[in-house]
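Structural characterization, general
Spelled out from the first residue to the last, the chains are:
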Amino acid sequence: MREEAPAAELIRRAAALIFDVDGTLAETEELHRQAFNEAFVRCGLEWHWDRAVYKNLLRVTGGKERIRAHHAMQRNVAPLSDDDVANLHRIKTMHYAELVETGCCPLRPGVTELLAAAKARRQRLAIATTTSRGNIDALLSRALGKRWATDFDAIVAGDDVRHKKPAPDVYLDILAKLGLMASDCLAIEDSANGLIAASRAGVPVLITRSMYFSDDDFAGAHLVLDDLSELERLG
């Protein structure tokens with residue numbers, strides 16, 4: 001981890017701030033876990049992901065990929081086709097949107113303030129995430145309003161790339177869309193996989209610890225915070 005003052009200056013001078021979504025903009029992972037469990041019930045699967053199981057599965061990036069990973073660990077179970085996995089994930093995504101719409105998942109502390117400060121500084125904003133565009137829209141439509149996407153110059157979601165984090169694909173795509181050098185940007189992430197992905201693309205990283213990834217190894221991040229409201233003390 002680097003010194004705070006240079007990191008604060010890096011935030012102010014970045015041409016673009018690139019945000020992860022789940023765990024970074026909002027503590028969404030518990031909602032995702034609940035939505036997965038609801039999908040399993042609706043599809044007649046005797047699966048239940050408690051927090052410990054889900055924490056381990058989060059090392060696998062992507063919802064469909066987590067379903068396949070969990071299925072592969074089971075013994076004497078019926079096979080799941082690609083269509084079965086897609087249907088499970090569709091039901092899960094639908095239930096996740098229903099949960100978000102209740103207003104139970106606000107943006108994390110400091111997020112709204114950082115977005116406003118970045119806009120005031122005329123910094124460009126982008127999203128680089130492994131989650132789906134439907135999940136992004138469900139969360140940010142509720143938190144920022146239906147026209148939220150107009151505030152972001154580029155959005156790359158998990159289904160837009162061949163390889164999800166920790167591969168650098170989402171960041172390489174974002175940099176291409178923005179037309180910026182990696183060193184001119186700052187990634188805001190909450191997990192080691194996100195840190196690795198951004199770093200492999202050459203993008204400096206600020207970490208905001210989240211519920212499921214608080215004990216990840218964040219060596220190499222320019223700054224590690226409990227939440228983005230701590231930016232205020234950096235000036």
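Above: the structure in question.
These notes cover the structure that comes with them. All values reported here derive from a predicted model rather than from experimental measurement. (Residues numbered from 1 in each chain as written. Predicted model: local features only at pLDDT ≥ 70, side-chain atom pairs only at ≥ 80, totals over all residues. Heavy atoms only, no water.)

Positionally, Glu46 belongs in the loop between helix H2 (29–42) and helix H3 (51–57). Given a relative accessible area of 84%, Glu46 falls into the exposed group. Through-space distance from the C-alpha of Glu46 to that of Leu180 is 48 Å; in sequence the pair is 134 residues apart. (Helix = DSSP H or I, 4+ residues; strand = E, 2+ residues; numbered from the N terminus. Buried < 20%, exposed > 50% of the residue type's maximum accessible area, 1.4 Å probe, protein only.)

Let's shift gears to the nonpolar core. Soluble, globular proteins show a tendency: their nonpolar side chains are buried together. Leu17 and Leu206 are the most contacted members of the largest nonpolar core, which has 34 residues in total. Counting residues per element, the ones that place at least two in this core are strand S1 (16–19), H2, helix H5 (82–101), helix H6 (111–120), strand S2 (124–128), helix H7 (133–144), strand S4 (185–189) and strand S6 (223–225). The leading source of residues in this core is H6, at 4 residues. Ignoring sequence-local partners within four residues, the contact set of Leu17 consists of Ile11, Leu114, Ala118, Gln123, Arg124, Leu125, Ala126, Leu186 and Ile188. (Core = buried A, V, L, I, M, F, W, Y, C linked by side-chain atoms within 4.5 Å. Contact = heavy atoms within 4.5 Å.)

On to the layout of surface pockets. Regions of empty space are outlined by a rolling probe, equal in size to a water molecule, passed over the atoms. Taken as a whole, the largest pocket spans an internal volume of roughly 320 Å³. Lining the largest pocket are 28 residues, with Asp22, Gly62, Arg66, Thr130 and Thr131 positioned closest to its centre. Those elements that provide at least two residues to the lining of the largest pocket are H2, helix H4 (63–72), H5 and helix H9 (192–200). At 4 residues, H4 tops the list of elements feeding residues into the lining of the largest pocket. Split by residue class, the lining of the largest pocket holds 3 nonpolar, 13 polar and 12 charged. (1 Å grid on protein atoms, 1.4 Å probe; cavity = no way out; pocket = protein on both sides within 12 Å on 5 of 7 lines; lining within 4 Å. Points joined across faces, edges and corners; volume = space filled by probe spheres on them. Nonpolar A, V, L, I, M, F, W, Y, C, P; charged D, E, K, R; others polar.)

Next up on the list: the side chain of Glu29. Within the element layout of this structure, Glu29 appears in helix H2. One buried charged residue, Glu29, remains without a salt bridge, the closest side chain of opposite sign being Arg66 at 5.0 Å. Beyond its immediate sequence surroundings of up to four residues, Glu29 is in contact with Asp22, Tyr54, Leu58 and Tyr212. (Lys, Arg positive; Asp, Glu negative; His and termini not counted. Salt bridge = Lys/Arg side-chain N within 4 Å of Asp/Glu carboxyl O.)

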